[in-house]
Amino acid sequence: MSLKITEDCTSCDACVSVCPNTAISAGDVIYVIDEDRCTECVGAEDTPQCQLVCPADCIVIGTEETPEQLQAKYEALH
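Throughout this description, residue numbers start from 1 for each chain and increase along the sequence as written. A pLDDT threshold of at least 70 governs which residues receive local features in this predicted model, and a stricter bar of 80 or more applies before side-chain atom pairs are shown or counted, although totals over entire chains, interfaces and linings include all residues. To obtain the side-chain values, all non-hydrogen atoms of the structure were included, while hydrogens and water were left out.

Caption draft 1: Quick peek at the nonpolar core. Take the buried residues of types Ala, Val, Leu, Ile, Met, Phe, Trp, Tyr and Cys, join any two whose side-chain atoms come within 4.5 Å, and each joined set is a nonpolar core. Partly exposed describes any residue whose relative accessible area lies between the buried limit of under 20% and the exposed limit of over 50%, with all areas from a 1.4 Å probe on protein chains only and scaled to the type maximum. Ile 5, Ile 24, Ile 33 and Ile 59 are the most contacted members of the largest nonpolar core, which has 15 residues in total. Residue contacts for Ile 59: discarding those within four places in its chain leaves Leu 3, Lys 4, Ile 5, Cys 15, Ile 33, Cys 50, Gln 51 and Cys 54. Contact criterion: two residues are considered in contact whenever any of their non-hydrogen atoms come within 4.5 Å of each other.

What follows is the structure, encoded as structure tokens:
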């Protein structure tokens, strides 16, 4: 389940530095999450770090993936 950032994003930049997969970057208006890099922190942390630090609470489930798929994606990235 890769995550996505909703239009409620305030572009505060808090999420960028905590992402272990460098999946978050500035978009045209708000920050965006690269689905190919997002593993919901599976392989690195117990919970998605971006969701923990987001003051706008605007990071939600995007694409459904199994924990096994997320782990495989993490291993491929690292």
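Caption draft 2: Here's a closer look at unusual backbone geometry. With phi around 55°, Glu 40 is a residue other than glycine that occupies positive phi space. Secondary structure elements follow DSSP: runs of H or I of four or more residues count as helices, runs of E of two or more count as strands, with numbering from the N terminus. The topology assignment puts Glu 40 in the loop between β3 (31-33) and α1 (49-53). In this model, Cys 41 sits at a positive phi of 70°, which is unusual for a non-glycine residue. Its place among the elements puts Cys 41 in the loop between β3 and α1. Exposure remark for Cys 41: the relative accessible area of 7% places this residue in the buried category.

Caption draft 3: Summary view of helix α2 (residues 67-77). Restricting attention to buried positions, one finds in α2 the residues Leu 70, Lys 73 and Tyr 74. Buried residues in α2, looked at end-on, bunch into an arc of 100°, giving them a common side. Along α2, exposed side chains directed more than 90 degrees from the buried face belong to Glu 68, Glu 75 and Ala 76. Packing partners of the buried residues in α2 comprise β1 (2-5). Each direction from the helix axis to a C-beta atom contributes to the arc, which is the arc of those directions.

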